[in-house]
Amino acid sequence: METRRISVGTILLWLLLAAGVIACISLAPGTMDAKRTLEIETAATPTPTADVRSMLAVTLDPNQTPAPTMLLLKPGVEGDEVKRLQQRLKELGYYTGEVDGQYGQGTQLAVMLFQAQHGLEDDGIAGDQTRNVLYAQGAQIYIPTPAPTQTPSALDKGAQGDMVRQMQERLKELGYYTGKADGDFGPGTEEAVRLFQSQNGLTVDGAAGEKTLTLLYSEAAKQVTVTPTPDPNALPILVNRTHKLDKNYKPGNLVKLRNVLPESVVYVKGSDIEGDRAAAGALEQMFRSAINDGVGDWQISAGYRSYAYQEKLFNNQVAEYRSQGMSGDKARSATRQTVADPGTSEHHTGLAFDITTPGTAFIGTPQQKWLHQHCWEYGFIIRYQEGKEKITGFIAECWHIRYVGVEHSIPMRDRQLCLEEYLGEVD
C-alpha cells in the first residue's frame with residue numbers, strides 16, 4: 001500500500017490559519033469591552049444639535065418676507081401708486097388717458113374694463129386682488145367687445161335680450177353706461193344712448209338705430225367726455241330780449257325728465273320733455289321735500305325748448321292774434337307779453353321749467369305757495385316775479401322757475417332781486 005506524503009506548502013498554510021484563530025480569540029474580550037463603553041457614553045451624552053429657535057425669532061426668510069399692505073386705490077386718490085396703476089393699464093390697452101397720478105373717471109373706467117375681462121368684481125376700485133392680477137405676468141391685453149355677428153337694424157326703449165346686453169356692455173366700455181348689463185332697454189340705457197349720440201355727432205333720440213349701432217361698435221366710437229362740474233362761483237347765464245342765444249345753441253347735458261324723475265315724485269306731462277341733468281337732480285330733491293311736507297301732485301309742463309320749437313310757438317301765437325283781427329305788428333307785440341322771441345327764451349338753456357298741477361290753474365294752490373316759499377333752498381328762483389315786469393320784460397309767471405344753484409338763489413331771495421338786478425344788468 002502506497003503512503004501519501006504531505007507537502008511543505010500545505011503545512012505552512014495550516015500554521016498561518018492556526019495563528020489567525022489564536023489572535024482573534026485573544027482580541028475578542030477587548031473589542032467587546034470597547035463596544036460596551038461606546039454604547040454607555042452615547043446613552044449618557046446625546047449628539048448636540050444647533051438651537052435655531054432664537055435665530056428664527058430675529059432672522060426672516062428672505063423668500064417669505066410679508067408683503068406690505070396695499071393702499072386702496074379709488075376715485076379721488078392721487079400719487080405714485082396711481083401713476084404705476086395707470087401705466088400698467090396703459091401697457092395692457094385699458095387706459096388711454098394721461099399718466100398723471102390722479103384717480104379720475106377715466107382711470108376708474110379702465111379698472112372696470114380690466115376687472116370685467118378678468119372675472120373680477122367690476123367696481124372700479126383697485127384693491128389687493130385687482131392689482132395682484134394686474135401686475136402678474138398673466139394679465140390679459142384688452143380685448144374690445146366685438147360687434148354682434150348680426151347687428152340689429154334698431155333697438156328701442158323696451159327691447160330685451162342679448163343684443164341689448166351687448167350694446168350695454170359696449171356703452172359701458174366707452175363710459176356712457178354705468179348700470180348693469182341686464183339686457184333690458186330701460187330709461188338708464190336710453191340716457192346712455194342719448195349721451196353717446198350727443199358726443200358722437202348723431203341725432204339725439206335715444207333710439208339705437210343703424211347709424212348709432214354701426215358707429216358704436218366701430219373703432220371710431222369716442223370714449224365719453226365727462227362734463228366738468230359747473231363752477232358754483234360762476235355767474236348764471238342771462239337770457240332775455242337784450243341777451244339772446246344763437247339759433248345753434250344747445251346745452252350739452254340734457255336728459256329726458258321721464259327717464260330720471262320717478263313718476264311717484266312728479267308727473268312729466270310730455271314724454272320728450274328734457275332738462276339739464278343737474279337741474280333735474282335738484283327738481284327731484286325739491287319735490288321729495290314737498291311731499292314730505294304733505295304737498296304732492298306735482299307736474300312739469302315744459303322744460304328745454306329748441307330755437308326752432310320756440311319759433312313755432314311764437315308764430316302760432318301771432319297767427320292766433322291775427323285771426324282775431326290784429327295787425328301784424330300788434331299781434332307780435334301782444335305775443336311778446338307771454339311768449340319769448342326765438343333766442344330770448346330761458347327754456348333754451350334747459351334750466352327753466354314750468355311747474356303746474358294737473359287739472360287746475362296753478363296760482364293760489366298749495367303747490368304754488370310751497371314752491372314760492374321753498375324753491376330757493378334747492379337752487380331755483382321764481383324768474384318772472386310780480387313788480388319786476390319792467391325789468392324782466394315779461395308779465396309775472398308764478399309757474400316759471402329757473403335753476404341757478406343755491407350759491408345764487410339764496411342771496412337773490414334774501415335781497416329780493418330778480419336775475420337782471422342780481423347780475424347788474426338794469427338800465
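So, how was this worked out
- Residues numbered from 1 in each chain as written.
- Predicted model: local features only at pLDDT ≥ 70, side-chain atom pairs only at ≥ 80, totals over all residues.
- Heavy atoms only, no water.
- Axes fitted to C-alpha atoms, helices over the stretch in contact; angles between N-to-C directions.
- Helix = DSSP H or I, 4+ residues; strand = E, 2+ residues; numbered from the N terminus.
- Parallel < 35°, antiparallel > 145°, perpendicular 65-115°, else oblique.
- Left-handed = near helix turned anticlockwise from the far one by under 90°.
- Contact = heavy atoms within 4.5 Å.
- Nonpolar A, V, L, I, M, F, W, Y, C, P; charged D, E, K, R; others polar.
- Phe/Tyr/Trp six-rings, centres within 6.5 Å; stacked < 30°, edge-to-face > 60°.
- Buried < 20%, exposed > 50% of the residue type's maximum accessible area, 1.4 Å probe, protein only.
- Polar contact = N/O pair within 3.5 Å; in protein donor to acceptor, adjacent residues only side chain to side chain.
- Pairing = 2+ DSSP bridges.

## Focus on the packing of helix α3 (residues 80-91) against helix α4 (residues 105-117)
(1) Moving on: Where α3 meets α4, the axes come as close as 11 Å, and the angle between the chain directions of the two elements is 55°. Classified by the interaxial angle, the pair formed by α3 and α4 is oblique. Regarding α3 and α4, the two cross each other, and that crossing is left-handed. Contact residues: α3 offers Leu85, Gln86 and Leu89, while α4 offers Thr107, Ala110, Val111 and Phe114.
(2) Moving on: Residue composition of the contact of α3 with α4, grouped by class: five nonpolar, two polar and no charged.

## Let's talk about the packing of aromatic side chains
(1) Moving on: Under the definition given, this model contains nine aromatic pairs.
(2) Moving on: An angle of 75° between the planes, with centres 6.5 Å apart, marks the rings of Phe353 and Phe380 as edge-to-face. One end of the pair, Phe353, is in strand β5 (residues 352-356); the other, Phe380, is in strand β6 (residues 380-384), with 27 residues separating them in the sequence. For the pair Phe353 and Phe380, one class covers both residues: buried.
(3) Moving on: Ring geometry for Trp370 against Tyr378: centres 6.5 Å apart, planes inclined by 25°, an arrangement best described as stacked. In this structure, Trp370 and Tyr378 share a single accessibility class: buried.
(4) Moving on: Aromatic ring contacts, followed pair by pair, group Phe287, Trp298, Trp370 and Tyr378 into a single cluster.

## Looking at the side chain of Gln197
(1) Moving on: Mapped onto the secondary structure, Gln197 falls in helix α7 (residues 187-199).
(2) Moving on: Looking at Gln197, the relative accessible area reads 0%, which means it is buried.
(3) Moving on: A distance of 3.0 Å separates a polar side-chain atom of Gln197 from the backbone oxygen of Ala207.
(4) Moving on: The residues touching Gln197, leaving out its near neighbours within four places in the chain, are Leu202, Thr203, Val204, Asp205, Gly206, Ala207 and Thr212.

## Overview of the sheet that holds strand β4 (residues 299-302)
(1) Moving on: Spatially, five strands are ordered β2-β4-β5-β7-β6 in an open sheet, and the strand pairing comes out mixed. Lying at the two open borders of the sheet, with one neighbouring strand each, are β2 (267-268) and β6.
(2) Moving on: Summarising the sheet, β6 and strand β7 (residues 397-403) pair through four bridges and their orientation is antiparallel. By the bridge assignment for β7, Ile381 is matched with Arg402.

## Some details on the side chain of Glu274
(1) Moving on: When you line up the elements, Glu274 lands in strand β3 (residues 274-276).
(2) Moving on: For Glu274, the side chain forms a polar contact with the side chain of Arg194, separated by 2.4 Å.

## Section: the environment of Ala334
(1) Moving on: Counting through the fold element by element, Ala334 comes out in helix α12 (residues 328-335).
(2) Moving on: For the pair Ala334 and Tyr321, spaced 13 residues apart in sequence, the C-alpha to C-alpha distance is 7.9 Å.
(3) Moving on: Contact partners of Ala334, with chain neighbours within four places excluded, come to Tyr321 and Met326.

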